[in-house]
Amino acid sequence: MIASMLGGGDEDRVRLLDPGAGTGCLAAAAVEHFAARGLRELEIVAWEIDLDLHPSLCATLEYSATWAAEQGLSVRWSVCGGDYIQDTASAVETDDDLERFDAVIMNPPYRKVNGQAGARLALERIGLPITNLYTAFLALAAMQLVPGGVLAAITPRSFANGPYAAPFRRFFFGLTGVERLHLFESRRQVFADSGVLQENVIFSVRRGERPRSVRLSFSDGIADVARIREAAADEIVQLDDPQLFLRIPRRVEDVGIAATMAALPASLESLDIAVSTGRVVEFRAREHLRRAPAPGTVPLLRPNHFGESGIHWPDVGARERPNALAVSPASEKLLLPNETYVLVKRMTSKEERRRVRAAVSDPSAAPGPQIAFENHLNVFHRENRGLPPGLARGLAAFLNSSLVDCYVRQFNGHTQINATDLRHLRYPDAESLSELGATLGVEQLEQEDLDRAVEEALHGSVAPLVRSAA
């Protein structure tokens, strides 16, 4: 599937780069692909930092070259054993002749890059503050493409949104346009043995060109029959989006959902609402944590205090988890006035039916003059004070709606919801949110009833789209 995205091989000769080649599986697939399409000459440059893999890699390439010769395709190959990121970044930095390629195929390593690692520093010197190896591989390989060259890769989907990958997205989508994209919707199959609990994508981009449409396909695993649809390019990457999120509308109805969200009148800024992560990072505040409330402590809210019917504090069943924070001069900066806030879990489990889980925290849920929120919560507030109760209830209901869930899934392929994702959303105006909150009161509704209330608050523009998508 990855090799098929490299194009038809209409030229007589193609130079192919395989960085992080491993034992050569992708290069071999590319040889097969180009041979089937009648290419005359193929040159492969494979990079692999693990020298123990070189014998297997060389054997694969030699076998592929011998097989290709019988098909009328001449294959030359070479293997590089250095650090692809540092060596290529250095070539960019020093204006040395950067090798150019007509095609790139890759399954890059997926791992965080330490802030002091040589690869990280090399990237920062050329203006690419990238924090994950796989996005570093993608960015550098895209630079090595000739105009019109194609890169095909399989990666996790975490680059599609969030603040950490924003510099990469701005660079990568400024250089290339997406042509094809296949989404593995299950986290339990592809990369399951590596513990990568994200949706994974196969995609191809072309340097210097932005196609008018993108071919999308979807399946749980590689053996399933894929669903296929065409989407306009601006449904995938909107060039006027400052964050340049990569959206993947699974169904035609998702386009209408995105349009409905985009048409909402308010941003968090216009609502005079801020969202930030909770202040209590537990390993840094360990000396202040208390398992049970006691004099001299304030309630500490964590994700485990979320229940189906709102906030449940304290959580007496969680013996190893704190429920309170001791008040002292050192912990004062971690506290907020105990008023009405909207909380959203930063991480949701694979089993939860909604990607966004919101709840209202008010003094009736966790009594006391002050309160603390743990860092795995996003907190909606106004200048570090609470929100009007009706507005807070309406905001939480909107965030818990199927409309928001369907929309967020278009650009979020993992279980983490960042404050940046929440700032990226459009919202109903304050009056509509307050009316929604007043209509709902404090009662917890079934999903269908909640969606109906949100539909009415948005003047009937939502539910048919959401039901169709569901």
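Within any chain, residue numbers begin from 1 and follow the written order of that chain's sequence. Where totals are concerned, whole chains, interfaces and linings use all residues; where local detail is concerned, this predicted model gives features only for residues with pLDDT of at least 70, and gives and counts side-chain atom pairs only at 80 or more. Hydrogen atoms and water are omitted, and side-chain values are computed over all heavy atoms in the structure.

**Student:** Just give me the short version of the sheet that holds strand β16 (residues 335–337), but keep the residues and values in it.
**Tutor:** Two strands pair if DSSP finds at least two bridges between them. Here a strand is any run of E in DSSP of at least two residues, a helix any run of H or I of at least four, and the numbering for each starts at the N terminus. Read across the open sheet, the 5 strands follow the order β11-β15-β12-β19-β16; overall the sheet is mixed. Only two strands of the sheet have a single partner each, and these edge strands are β11 (289–290) and β16. As paired elements, strand β12 (residues 297–301) and strand β19 (residues 370–373) share 2 bridges and run parallel to each other. Bridge pairing links L301 to F373 in β19.

**Student:** Help me get a handle on the environment of Y407, residues and values and all.
**Tutor:** Examined against the element boundaries, Y407 turns out to sit in helix α10 (residues 402–411). Each residue gets one of three labels from its accessible area relative to the maximum for its type: buried under 20%, exposed over 50%, partly exposed in between, using a 1.4 Å probe on protein chains only. Overall, Y407 belongs to the buried group, its relative accessible area being 8%. In the structure, Y407 is positioned 166 residues away from D241 in sequence and 15 Å away in space, judged by C-alpha atoms. A contact between two residues is defined here by any heavy atoms of the two lying within 4.5 Å. Residues in contact with Y407, not counting those within four places in the same chain, are R247, I257, A258, M261, H424 and L425.

**Student:** Give a description of the pairing of strand β8 (residues 213–219) that names residues and reports values.
**Tutor:** In terms of burial, β8 is a largely internal element, 5 of the 7 residues being buried. Both strand β6 (residues 176–184) and β8 contribute to a ladder of 5 bridges, which runs parallel. By the bridge assignment, H182 is partnered in β8 with S217.

**Student:** Quick rundown of the pairing of strand β20 (residues 377–381)? Include the residues and the values.
**Tutor:** Counted residue by residue, β20 has 5 buried out of 5 residues, so it is predominantly covered. Side-chain alternation along β20 places L377, V379 and H381 on one buried face and N378 and F380 on a second face that is also buried. Across 4 bridges, strand β10 (residues 274–277) lies against β20 in antiparallel orientation. From the neighbouring strand, V275 faces β20, where its bridge partner is F380. One ladder, built from 4 bridges, connects strand β17 (residues 341–345) with β20; its direction is antiparallel.

**Student:** Please give an account of unusual backbone geometry that cites residues and values.
**Tutor:** Only a minority of non-glycine residues have a phi that is not negative, and only a minority of peptide bonds are not trans. Of note, the amide linkage connecting W313 to P314 takes the cis form, showing an omega dihedral of -5°. The topology assignment puts P314 in the loop between β14 (310–311) and β15 (324–326). One non-glycine residue, N384, lies in the positive phi region at around 65°. Of note, N384 is situated in the loop between β20 and α9 (389–399). Its relative accessible area of 34% is what places N384 among the partly exposed residues.

**Student:** So what's going on with helix α6 (residues 166–175)? Residues and values would help.
**Tutor:** Along α6, the residues classified as buried are A166, F168, R169, F172, F173 and L175. The inward-facing, buried residues of α6 contact α5 (133–144), β6 and β7 (200–207).

**Student:** So what's going on with the packing of α9 against helix α12 (residues 430–440)? Which residues, and what values?
**Tutor:** What describes two packed helices is the angle between their axes and the distance between those same axes. Between N-to-C directions, angles cover 0 to 180 degrees, with each direction set by a line fitted to C-alpha atoms, over the stretch in contact for helices. Contact pair α9 / α12: the axes reach a minimum separation of 7 Å and the direction vectors enclose 90°. Between α9 and α12, the angle is such that the two are roughly perpendicular. Across from G390, L391, R393, G394, L395, A397 and F398 in α9, the residues of α12 making contact are A430, L433, S434, L436, G437 and L440. Among the residues forming the contact of α9 with α12, the class breakdown is 8 nonpolar, 4 polar and 1 charged. To sort the angles, those under 35 degrees are grouped as roughly parallel, those over 145 as roughly antiparallel, those from 65 to 115 as roughly perpendicular, and the leftovers as oblique. For this classification, Asp, Glu, Lys and Arg are treated as charged, while Ala, Val, Leu, Ile, Met, Phe, Trp, Tyr, Cys and Pro are nonpolar and the rest, including Gly, are polar.

**Student:** So what's going on with the state of the cysteines? Residues and values would help.
**Tutor:** The disulfide criterion is simple: two cysteine sulfur atoms within 2.5 Å. Under the counting rule described, the total for this entry stands at 0 disulfides. Residue C25 stays outside any disulfide, its sulfur separated by 14 Å from that of C58, the closest cysteine.

**Student:** Can you lay out the pattern of salt bridges for me, pointing to particular residues and giving the numbers?
**Tutor:** Salt bridges are counted wherever a side-chain nitrogen of Lys or Arg sits within 4 Å of a carboxyl oxygen of Asp or Glu. Across all of its chains, the model carries 17 salt bridges by this definition. Between R15 and E99 there is a salt bridge, with its nearest N and O atoms 2.8 Å apart. With R15 in strand β1 (residues 13–19) and E99 in the loop between α3 (84–93) and β4 (101–106), this residue pair connects regions lying 84 residues apart in the sequence. A salt bridge links E235 to R229, with the shortest nitrogen-to-oxygen separation between them at 3.9 Å.

**Student:** How would you summarise helix α2 (residues 54–70) if you had to cite specific residues and measurements?
**Tutor:** One fewer than the residue count of a helix, multiplied by 1.5 Å, yields its expected span. An ideal rise of 1.5 Å per residue puts 24 Å on 17 residues; α2 measures up with 25 Å between its terminal C-alpha atoms. Turning to α2, its buried residues number three or more, namely H54, L57, L61, S64, A65 and A68. Viewed along the axis of α2, the buried residues span an arc of 100°, placing them on a single side of the element. Residues of α2 that are exposed and angled more than 90 degrees away from the buried face: P55, Y63 and E70. On its buried face, α2 is in contact with α1 (25–36), β2 (41–47) and β3 (74–80). Of the residues flanking the end of α2, it is G72, one or two places downstream, whose phi is positive at about 90°. By arc we mean the arc of the directions from the helix axis to the C-beta atoms, nothing more.

**Student:** I'd like a rundown of the nonpolar core, residues and numbers included.
**Tutor:** Ranked by size, the top nonpolar core spans 51 residues in total, and within it I85, L138, L151, F159, F203 and L246 carry the most contacts. Among the elements that make up this core, the one with the highest residue count is α5 (10 residues). Once residues within four sequence positions are removed from consideration, L151 is found in contact with V104, M106, L138, A141, A142, L145, F203, S204 and V205. By size, the runner-up hydrophobic cluster in this structure holds 42 residues, among which are V356, A392, Y407 and L450. We define the nonpolar core as a collection of buried residues of types Ala, Val, Leu, Ile, Met, Phe, Trp, Tyr and Cys that are connected through side-chain atoms lying within 4.5 Å of one another.

**Student:** Could you give an account of the sheet that holds β1, naming the residues involved and the relevant values?
**Tutor:** Reading across the sheet, the 9 strands line up as β3-β2-β1-β4-β5-β7-β6-β8-β9 and stay open at both edges, with mixed pairing between neighbours. The strands lining the two open edges of the sheet, one partner per strand, are β3 and β9 (227–232). Each strand axis lies, on average, 15° off the axis of its neighbour in the sheet, ignoring direction. Sheet analysis places β8 next to β9, joined by 6 bridges and oriented antiparallel. Bridge pairing in β9 places S217 opposite I228.

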